[in-house]
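Spelled out from the first residue to the last, the chains are:
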Amino acid sequence: MAAKANKKMTGAVDLPECPVCLETMSAPIFQCQSGHSLCNQCTSNLVPPMCPICRQHMTQMRNWQLEDIIAKAKVACPNKSVGCVYTMPSTDVNDHLKECIFRDMECPLGSVSGKCSWSGKLKDIMDHFQERHQKNCNVSSDTPVNLDNIELKEDERFLYLVAQQKMLFIITVKLDTLQKMAFWIVQHIGSKSVARQHIYEIHLTSNLDERRKLVFCDHCFNDAIKADEVFRQGKCAVVPFEALKHFIKDKKITFKFFIKRLPVANKKKVDNGKDAKPNDNKQNPAPKGPGPKKGPKDATGPPKPGPGGKPKQNKANA
Ligand SMILES: [Zn+2]
Ligand SMILES: [Zn+2]
Ligand SMILES: [Zn+2]
Ligand SMILES: [Zn+2]
């Protein structure tokens, strides 16, 4: 058993299955009086609590060794059959599935407008946008994006899908009339670590006076976190309506975006040390001219006493 266990540490394996439901075992694992192990679900389903294999009583005794092996063993992504080669400790599977690029995903516009019920694979999502949401994907880096009919009187949300170097990013803009704030965020569809290798810049240019500019720069989040959660934390470009007013002409807001991959040296730092001060990767926002400045350091707190400040911050950052 020990030798087998060691082997299991080295690569992806099929973990032991529960002899009753044939699902992969996971903690807690209970044993019968003669030592058979069953999963938690099957154990609690047994009426009377007799082992289905030997008819002895089930006990509250846990199979700690097996639980431990399972916790440490690397397993293949459940989306292996559709192409994911990722292996991970079994305890990380759920987190990985949220960002696995082979997962089934829903159209990001579905949750915005409620009008699209498409779901499918990441590789097909751009085609879907080209087909159904063309104006939401015909944007590119360093090219002005116009938001039209802006009156700042009702909440609005804009979403764009951007392909860059075979990677996909989502830009979300939210105009929040309650808080009187506008938010911009760029998220990478994929893993947290790849997201962290990218920074984005939002360049807002006034349509009243083109010398008035606002530049914001920050690292990308991935799409496992909801844009609204990032907005709530203020870890994104935040512009008060009071300032935004001076950028709007003929009900139009114009901005440009840039998505850049960090230099390799930085990349390593980010990869190795999860807590290696991700904020240090933001560089040169250098906002010039009048306009209210919005450096990345300013972004830590939105000027509002967030409702029920949940301690989610770390999770988003880790
Ligand atoms: Zn079972
Ligand atoms: Zn038994
Ligand atoms: Zn995967
Ligand atoms: Zn759609």
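Residues numbered from 1 in each chain as written. Chains lettered and ligands numbered in written order. Predicted model: local features only at pLDDT ≥ 70, side-chain atom pairs only at ≥ 80, totals over all residues.

A.B. asks: What am I meant to see in the overall build of the protein chain here?
C.D. replies: When you go through the protein chain residue by residue, the secondary structure sums to 11 helices and 16 strands. Across the 318 residues of the protein chain, 29% fall into the buried class. Long-range contacts, defined as pairs at least 24 residues apart, comprise 57% of the intrachain contacts of the protein chain with a sequence gap of at least 6. (Helix = DSSP H or I, 4+ residues; strand = E, 2+ residues; numbered from the N terminus. Buried ≥ 20, exposed ≤ 12 C-beta atoms within 10 Å, placed from the backbone. Contact = placed C-beta atoms within 7 Å.)

A.B. asks: Would you mind showing me how to read the sheet that holds strand 12 (residues 198-205) here?
C.D. replies: Backbone hydrogen bonds hold the strands of a sheet together, and the pairing may be parallel or antiparallel. In spatial order, the strands read 8-16-12-13; together these 4 strands make up an open sheet with antiparallel pairing. What marks the edges here is a single partner per strand, and that holds for strand 8 (145-147) and strand 13 (213-219). The average undirected angle you get between the axes of adjacent strands in this sheet is 25 degrees. By the bridge criterion, 8 bridges tie strand 12 to strand 16 (residues 253-261) in an arrangement that is antiparallel. Its bridge partner lying in strand 16, I199 is registered against K260. (Pairing = 2+ DSSP bridges. Axes fitted to C-alpha atoms, helices over the stretch in contact; angles between N-to-C directions.)

A.B. asks: How do you make sense of the UniProt feature "domain: RING-type" (unreviewed entry) in the protein chain when you look at a structure like this?
C.D. replies: UniProt records the feature "domain: RING-type" (unreviewed entry) for residues 18-55 in the present numbering. Between the first and last C-alpha atoms of residues 18-55 the distance is 16 Å; the span itself is 16% helix and 18% strand. (UniProt positions renumbered as here; feature names shortened; annotations may be inferred.)

A.B. asks: How should I be thinking about the pairing of strand 1 (residues 29-32) in this particular structure?
C.D. replies: Looking along a regular strand, one sees the side chains alternate between the two faces of the sheet. Relative to strand 2 (residues 37-39), strand 1 is paired through 3 bridges, and the arrangement is antiparallel. Across the sheet, the residue bridging to I29 is C39, located in strand 2. In this antiparallel pair of consecutive strands, strand 1 and strand 2, the connection spans 4 residues, and G35 shows a positive phi of 105 degrees. As paired elements, strand 1 and strand 3 (residues 58-62) share 2 bridges and run antiparallel to each other. Counterpart to C32 in the pairing with strand 3 is M58.

A.B. asks: I would appreciate a short explanation of the sheet that holds strand 2 in the present structure.
C.D. replies: Taken in spatial order, the 3 strands make up an open sheet running 2-1-3, and their pairing is antiparallel. Since the sheet does not close on itself, it has two edges, and those belong to strand 2 and strand 3, each with one partner. Strand-to-strand twist in this sheet, taken as the mean axis angle between neighbours without regard to direction, amounts to 45 degrees.

A.B. asks: Mind showing me how you'd approach the pairing of strand 12 here?
C.D. replies: The buried count for strand 12 comes to 6 of 8 residues, which makes it a mostly enclosed element. Inspection of the sheet shows strand 12 paired to strand 13 by 7 bridges, in the antiparallel sense. Bridged to T205 within strand 13 is K213.

A.B. asks: What is the right way to read unusual backbone geometry from this model?
C.D. replies: As a rule of thumb, non-glycine residues mostly have phi less than zero, and peptide bonds are mostly trans rather than cis. A cis geometry characterises the amide bond from A27 onward to P28, with omega recorded as -5 degrees. Mapped onto the fold, P28 is located in the loop between helix 1 (2-10) and strand 1. If you check the backbone angles, N149 has positive phi at about 60 degrees while not being a glycine. Counting through the fold element by element, N149 comes out in the loop between strand 8 and strand 9 (156-164).

A.B. asks: What am I meant to see in the confidence of the model for the protein chain here?
C.D. replies: Detail in the predicted coordinates should be disregarded across regions flagged by low pLDDT. Averaged over every residue, the pLDDT of the protein chain is 82; residues scoring 70 or more account for 79%. For the stretch residues 1-10, pLDDT sits under 50, and the model shows 6 contacts to residues farther than four places along the chain or on other chains. Long-range and interchain partners of residues 266-318, a stretch whose pLDDT sits below 50, account for 71 contacts in this model, where long-range means more than four residues apart. (pLDDT = per-residue confidence, 0-100.)

A.B. asks: Even after reading the chapter, I still don't get the environment of C42, so can you show me in this structure?
C.D. replies: Of note, C42 is situated in helix 2 (residues 40-45). By the C-beta count within 10 Å, which is 17 here, C42 ends up partly exposed. Taking the C-alpha atoms as reference points, C42 and P52, 10 residues apart in sequence, are found 9.8 Å from one another. Apart from the residues lying within four places of it in its own chain, the contact partners of C42 are C18, V20 and C21.

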